[in-house]
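Now for the letters of each chain:
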Amino acid sequence: MTDRDPMIRDFLKATGWGIATRIPLAGDASLRRYERLVRGTDRAILMDAPPDSGEDTRPFIEIADWLAGHGLSSPRIIARDPDNGLLLLEDLGDDLLATHAASHPEDEPILYAAAAGLLADLHRHVPPARPSYPAQMATLAATVFDWYAPEAQDRRDDLTAAMQRAIDTTLTGPEVLVHRDFHAENLIWLPERTGPARIGLLDFQDAMRGPAEYDLASLIHDPRRAVSPRAAQAATTAYLDATDIDPEILHARIAVCSVQRSLRIIGKVFTRLCLHSGRTSYLRFIPPTWVALQRELRHPALDEVRALLVDLLPEPDAAWLADTAARAGTLYGRDRAGAP
């Protein structure tokens, strides 16, 4: 990757932000980089997504424009240069749901109910033309054998088939726009706004069409923070109140979505980021994901998947975590199955 700073300075100058103070912000699991720009009392966010590293701002732009067109709080795009991977965005602030809930635990049920209400509103709209996630879900679940339990790779096709049957049987509702990373660190509390716009949305560039319950499962089964039972119940109740879905059907769909997501992120995300990229910090998210996986596998909709996995996945105990951390970065450059 070449030095991008001269190009960034030219972009900021052309958009009237050349004199702004640039403050680096914490990144995510991607190669994108973010800076907060301060120009007097004005604030903005710079997204730097280098195309030569495989990043592409166009999906973010497409989804941001779609969300804004439906009155939802995606960051307004102030200026865009997609060919060079640069965006200037509205600064929605730092009041992440995770941060607010940690400092104001009494508000957690309110925050989670508002996030679920946003999902219910989002699901009323015909989704934009995006790829279908259910077509990939079973294959991505089986990537747990590529990274987390490679000794069981000979059962990969069996898991794919069992997961596909659970998906086909249970996730029978219409496809909606699915964020696919809908959790409290990607949501911002904007109490000065009204209705669904009280929840600001971040990191939605990988959105696809898929089952409505996927993002709800992601919200309430969050490995990054311990969601209280009260908050999880508030979110579920708010979603039920805003839709006409039967509670038993909702819980079955949440279980299938949660198990698929847990298998994918244990393998394709958290273990891969350690073994491939040397990012050992993600290992801490595996034990809570494991707990959610074991709990949701008990739902009858996952009987076949549970029976298959019972002796194939090692428990992420202290010994497993230490051994995996010791092998951090040893698979750098190896291209494994599945999409991000």
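Look above for the structure.
Calculation rules
Throughout this description, residue numbers start from 1 for each chain and increase along the sequence as written. Owing to the predicted nature of the model, reporting of local features is limited to residues with pLDDT of at least 70; listing and counting of side-chain atom pairs is limited to 80 or more, with chain, interface and lining totals taken over all residues. In computing side-chain properties, one takes all heavy atoms of the structure into account and sets aside hydrogens as well as water. Remark: exposure states derive from per-residue accessible area (1.4 Å probe, protein chains only) relative to the maximum for the residue type, with buried under 20%, exposed over 50%, and partly exposed in between. The way it works is that DSSP assigns letters per residue, a run of H or I at least four long becomes a helix, a run of E at least two long becomes a strand, and they are numbered from the N terminus. What the arc describes is the spread of directions from the helix axis to the C-beta atoms. Pairs of residues are marked as contacts when any of their non-hydrogen atoms sit within 4.5 Å. Only buried Ala, Val, Leu, Ile, Met, Phe, Trp, Tyr and Cys residues count toward a nonpolar core, and they belong to the same one when joined by side-chain atoms within 4.5 Å. Every case where a carboxyl oxygen of Asp or Glu lies within 4 Å of a side-chain nitrogen of Lys or Arg is listed as a salt bridge.

1. A few points about helix 11 (residues 286-296)
Next, step 1: For helix 11, the full list of buried residues reads I286, T289, W290, A292, L293 and E296. Down the axis of helix 11, the smallest arc covering the buried residues is 165°, so these residues share one side.
Next, step 2: Where helix 11 is buried, its residues touch helix 10 (247-275) and helix 13 (318-326).

2. Side note on the nonpolar core
Next, step 1: By size, the foremost hydrophobic cluster in this structure holds 96 residues, and its most contacted members are M163, L216, L263 and L313.
Next, step 2: Per-element tally for this core: the top contributor is helix 10, with 13 residues.
Next, step 3: If sequence neighbours within four positions are ignored, L263 has contacts with A141, V144, L159, M163, L293, L309 and L313.
Next, step 4: One finds F11, L12, W17 and A44 within the second-largest nonpolar core, a separate group that totals 11 residues.

3. So, the pattern of salt bridges
Next, step 1: All told, the structure shown has 29 salt bridges when counted by the stated rule.
Next, step 2: A salt bridge links R32 to D203; the shortest N-O distance between them is 2.9 Å. Here the residue R32 occupies a position in the loop between strand 1 (21-25) and strand 2 (33-39), and D203 occupies one in the loop between strand 8 (199-201) and strand 9 (208-211), the gap between them amounting to 171 residues.
Next, step 3: On the basis of relative accessible area, D203 is assigned to the buried category, the value being 16%.
Next, step 4: A salt bridge links R224 to D181; the shortest N-O distance between them is 3.7 Å. One end of the pair, R224, is in the loop between helix 8 (213-220) and helix 9 (229-242); the other, D181, is in the loop between strand 6 (175-178) and strand 7 (187-189), and 43 residues separate them in sequence.
Next, step 5: Since its relative accessible area comes to 22%, R224 is described here as partly exposed.
Next, step 6: Connected via shared salt-bridge partners are R4, D5, R9, R22, R33, E35 and D48.

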